[in-house]
2 protein chains.
Amino acid sequence: MNIVIDAFGGDNAPLQVLKGSIDAHNDFGVDVTLVGDEERIKKCAEQNGLDITGLKIKHADTVIDICEEPTEVIKGKKDCSMAVGMKMVADGEGDAFVSAGSTGALVVGATFIVKRIKGVKRPALATVLPTAGDPTMLLDCGANAECRPEMLVQFGIMGSAYMNKIIGVKEPKVALANIGAEETKGRELDLAAYKQLQAAPVNFIGNLEARQLPLGDCDVCVADGFSGNLLLKLYEGMAKFFSGELKNILTSGAKSKIAALMILKNIKDFRKRMDYSEYGGAPLLGTAKPVIKAHGSSDAKAFYNAIRQAKLYIERDVINEITDALETMKNSKSGDADK
Amino acid sequence: MNIVIDAFGGDNAPLQVLKGSIDAHNDFGVDVTLVGDEERIKKCAEQNGLDITGLKIKHADTVIDICEEPTEVIKGKKDCSMAVGMKMVADGEGDAFVSAGSTGALVVGATFIVKRIKGVKRPALATVLPTAGDPTMLLDCGANAECRPEMLVQFGIMGSAYMNKIIGVKEPKVALANIGAEETKGRELDLAAYKQLQAAPVNFIGNLEARQLPLGDCDVCVADGFSGNLLLKLYEGMAKFFSGELKNILTSGAKSKIAALMILKNIKDFRKRMDYSEYGGAPLLGTAKPVIKAHGSSDAKAFYNAIRQAKLYIERDVINEITDALETMKNSKSGDADK
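Just so we're clear, the structure is a prediction, and the values are computed from it rather than from any experiment.

Digging into unusual backbone geometry
Residues and elements named next belong to chain A.
So, point 1. Residue Ala13 is joined to Pro14 through a cis peptide bond whose omega torsion reads -5°.
So, point 2. Along the chain, Pro14 turns up in the loop between strand E1 (2-6) and helix H1 (15-28).
So, point 3. Cis geometry is found at the peptide bond from Leu139 to Asp140, where omega equals 5°.
So, point 4. In this structure, Asp140 sits in the loop between strand E6 (136-139) and helix H5 (149-167).
So, point 5. Although it is not a glycine, Asp317 adopts a positive phi angle of roughly 55°.
So, point 6. Its location among the elements puts Asp317 in the loop between helix H10 (300-315) and helix H11 (318-338).
So, point 7. On the accessibility criterion, Asp317 (35% relative accessible area) is partly exposed.

Re the packing of aromatic side chains
Two numbers describe a pair of aromatic rings. These are the distance of the centres and the angle of the planes.
So, point 1. According to the stated counting rule, one finds 11 aromatic pairs over all chains in the structure shown.
So, point 2. The interplanar angle of 40° and the centroid separation of 4.8 Å between the aromatic rings of Phe28 of chain A and Tyr304 of chain A together place this pair among those described as tilted. Placement of Phe28 of chain A in helix H1 and of Tyr304 of chain A in helix H10 is noted, with a sequence separation of 276 residues between them. The pair formed by Phe28 of chain A and Tyr304 of chain A is uniform in burial state, with each residue classed as buried.
So, point 3. Centre to centre, the rings of Tyr162 of chain B and Tyr313 of chain B are 5.9 Å apart; their planes meet at 80°, and the pair counts as edge-to-face. Separated by 151 residues along the polypeptide, Tyr162 of chain B in helix H5 (residues 149-165) and Tyr313 of chain B in helix H10 (residues 300-315) bring together distant segments of the chain.
So, point 4. Between Arg187 of chain A and the ring centre of Phe226 of chain B, over which it is positioned, the NZ or CZ distance is 3.5 Å.

A short note on the nonpolar core
So, point 1. Counting residues in hydrophobic clusters, the biggest one holds 115 residues, and the most contacted among them are Met82 of chain A together with Met82 of chain B.
So, point 2. For Met82 of chain A, the residues in contact, after removing those within four places along its chain, are Asp6, Ile64, Val73, Phe97, Ser99, Gly101, Ser102, Ala105 and Leu106 of chain A.

Some remarks on the state of the cysteines
Note on terminology: a disulfide is the covalent bond linking the sulfur atoms of two cysteines.
So, point 1. The full count for this structure, using the stated rule, is zero disulfides over all chains.
So, point 2. We note that Cys67 of chain A lacks a disulfide partner, and the nearest cysteine sulfur, in Cys80 of chain A, lies 14 Å from it.
So, point 3. Since its relative accessible area comes to 71%, Cys67 of chain A is described here as exposed.
So, point 4. The structure places no disulfide on Cys44 of chain B, whose sulfur is separated from the nearest cysteine sulfur, that of Cys80 of chain B, by 19 Å.
So, point 5. On the basis of relative accessibility, which here comes to 9%, the residue Cys44 of chain B falls in the buried class.

With respect to the interface of chain A and chain B
So, point 1. Between chain A and chain B, the contact holds 48 residues from the first and 48 residues from the second.
So, point 2. On the surface where chain A and chain B come into contact, there are four salt bridges.
So, point 3. Residue Glu236 of chain B pairs with Arg211 of chain A through a salt bridge whose shortest N-O separation is 3.5 Å.
So, point 4. Across the contact surface, chain A and chain B share 13 residue pairs in polar contact (both at pLDDT 80 or more).
So, point 5. Secondary-structure elements contributing two or more residues to the side of chain A that touches chain B are strand E7 (173-178), helix H6 (188-199), helix H7 (225-251), helix H8 (254-262) and helix H9 (264-273) of chain A.
So, point 6. Its residues assigned to classes, the side of chain A that touches chain B comprises 26 nonpolar, 10 polar and 12 charged.

Observations concerning the sheet that holds strand E11 (residues 291-293) of chain A
All names here are of chain A.
So, point 1. Spatial ordering of the open sheet is given by E3-E2-E1-E4-E11-E10-E5-E6-E9-E7-E8, a layout of 11 strands whose pairing is mixed. Looking at the sheet topology across the chains shown, the edges are occupied by strand E3 (56-58) and strand E8 (203-209). Sheet twist, expressed as the mean angle between neighbouring strand axes with direction ignored, is 30°.
So, point 2. Set on the sheet, helix H3 (residues 81-90) makes contact with E1, strand E2 (31-35), E3 and strand E4 (96-99); between it and E4 the angle comes to about 165°.
So, point 3. Along the sheet, H10 makes contact with E1, E2, E4, strand E10 (282-285) and E11, crossing E1 at roughly 140°.

Describing the environment of Lys118 of chain A
So, point 1. Mapped onto the elements of the fold, Lys118 of chain A is located in the loop between helix H4 (103-114) and strand E5 (124-129).
So, point 2. What Lys118 of chain A contacts, discounting residues up to four positions off in sequence, is Leu326 and Lys330 of chain A.

Let's talk about the packing of H5 of chain A against H6 of chain A
The angle between the axes and the distance between the axes are what describe a pair of packed helices.
All names here are of chain A.
So, point 1. Between H5 and H6, the least distance of the axes is 8 Å, while the angle of their chain directions is 45°. Our classification of the angle between H5 and H6 gives oblique. Helix-helix and strand crossings are classified by hand; for H5 and H6 the assignment is right-handed. On H6, the residues that touch Pro149, Glu150, Leu152 and Val153 of H5 are Leu189, Ala192, Ala193, Gln196 and Leu197.

Things to note about the pairing of strand E4 (residues 96-99) of chain B
The side chains of a regular strand alternate, first on one face of the sheet and then on the other.
All names here are of chain B.
So, point 1. The two faces of E4 match: Ala96 and Val98 on one face and Phe97 and Ser99 on the other face are all buried.
So, point 2. Bridge count for E4 against strand E11 (residues 291-293) is three bridges, and the pairing is parallel. Bridge pairing in E11 links Ser99 to Lys293.

Parameters and conventions
Residues numbered from 1 in each chain as written. Chains lettered and ligands numbered in written order. Predicted model: local features only at pLDDT ≥ 70, side-chain atom pairs only at ≥ 80, totals over all residues. Heavy atoms only, no water. Helix = DSSP H or I, 4+ residues; strand = E, 2+ residues; numbered from the N terminus. Buried < 20%, exposed > 50% of the residue type's maximum accessible area, 1.4 Å probe, protein only. Phe/Tyr/Trp six-rings, centres within 6.5 Å; stacked < 30°, edge-to-face > 60°. Lys NZ or Arg CZ within 6 Å of the ring centre and 35° of its normal. Core = buried A, V, L, I, M, F, W, Y, C linked by side-chain atoms within 4.5 Å. Contact = heavy atoms within 4.5 Å. Disulfide = S-S within 2.5 Å. Salt bridge = Lys/Arg side-chain N within 4 Å of Asp/Glu carboxyl O. Polar contact = N/O pair within 3.5 Å; in protein donor to acceptor, adjacent residues only side chain to side chain. Nonpolar A, V, L, I, M, F, W, Y, C, P; charged D, E, K, R; others polar. Pairing = 2+ DSSP bridges. Axes fitted to C-alpha atoms, helices over the stretch in contact; angles between N-to-C directions. Parallel < 35°, antiparallel > 145°, perpendicular 65-115°, else oblique. Left-handed = near helix turned anticlockwise from the far one by under 90°.

These figures capture arrangement, not role.
Next up, the structure:
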């Protein structure tokens, strides 16, 4: 098994990518290929006393910047680490791809270089959120700003397969993010998606109001990419906001500082529970080979977890699970049509 | 000045409505008319030892339930407290209307009974959110699930007028809720709204990613009603979630309980800062007379604040401010067309 990783994606590349890759290679017994400027990779390892002899290197001349047009990854920047890495996976030289680089470019590259599972309309960016209960997968988190109802149904199927295979949830509860619980709520998109999800091979539990999301009331929350992106980013923003407020509460005044020491363990437990990086990165579900988007601010631990996640993604054959579920739906539909 | 209030709207009606109305009448020197079953209102006052002699009562036979079709307020349920109250305001017997009842019915009634300011395409439900900085008005929070770009522009103008006149913000910073900062981000709706907001008579500062919302980076955050509703409800849900987590941190273990006592004041300050009810209810901006949606769970204090808010809304003439701004925009547009 060979996990291909973009050595130049994210704010902390290449150092943190190298560190995470070394540990993952040692702990999980998988091959890891670092993609990027070979000289710079070797220099970085040397300067930081890192032994990368166990890792493979695939040279790539350039890096795609998050400010560049995402489509450049398949046009002018075909020689960037992200494009070269995805090409390896597409050509069978690698089994999964991990990058903390430009999300837009990764979506374009995944769609046109790695390509989609047969029948998938659009890959979706999926994030596992920590909640008051069990974790919830939210998708699409921004790969597709405009969606059709059939796309939302596929997101439900793909999210379900992932949560089942990777997180171990039996019959994941799939819900549609909406502005009310009743099936008459929402836009035309949501009304149609609701009906189609009822008929789909998933455990559809109906609409979910956004206030229920942090409670963990469902396992898979389906949304168009615009709504999902707003939800994900507000989730992150609120977590940061409250973390800051908690700090204020615990540092204003001498008494508070003593109090803070007394509850330090509880706070650490809470912070750990809210730490996304435990779940790895955001899988781009629907691609023919696993593609994982690591957070732009990923550190060594986050890259380490993303590689572990890629390994599970391959071993537990999520791609076949998705393929089969889509096939089942297609057959039941054509069965309906025969009646 | 006569503020008309739905005595039977919300979870805590009529008792909390009565209490809040009595205090508001005494403190603000405004007439308050309670709308609803006269006998039940008088009985509730008597049973709870409340003196309502200073308040007016307008009888209404029925109540519209949140489970009923919103359009019933202008069809089969014309005799409900909400419809009767709005009719009073439309007929000039009252100057503003407050209700904690069905949001859907209030939007329908406000549009068709109270009617819109000339030129307003759709009224928008606007909520003032507490943030790490100054409060931010988010609109539309759900009155219009599907929007056109011109509607978003009007939301910006109306929110601006409110924040200026009621909260006292000079040249309120107006932003568009979007999935990225660049003006090329978002759906067709957002791309068009961005361009139109640039040309509108507001202080448009560009796109706002959802993670910035709790930081108070803008004064008015414009969104279509679907997105705005998701954002508002997630905001509420996350606040509740963290409040619960904070409680866990401060109650698990004996040491924690002592620590909690030590920082009790800081926690209270934080809770007060996060308390929406300080800002009153959610104004339905764009109606020809002030209409305010109080939260369904409003208590006496929330109704009291909503009545104060209604008074300011009238006194500071927000409606004329909106009318003038829309007129300015219309004229500048026809001026452009003349060129």
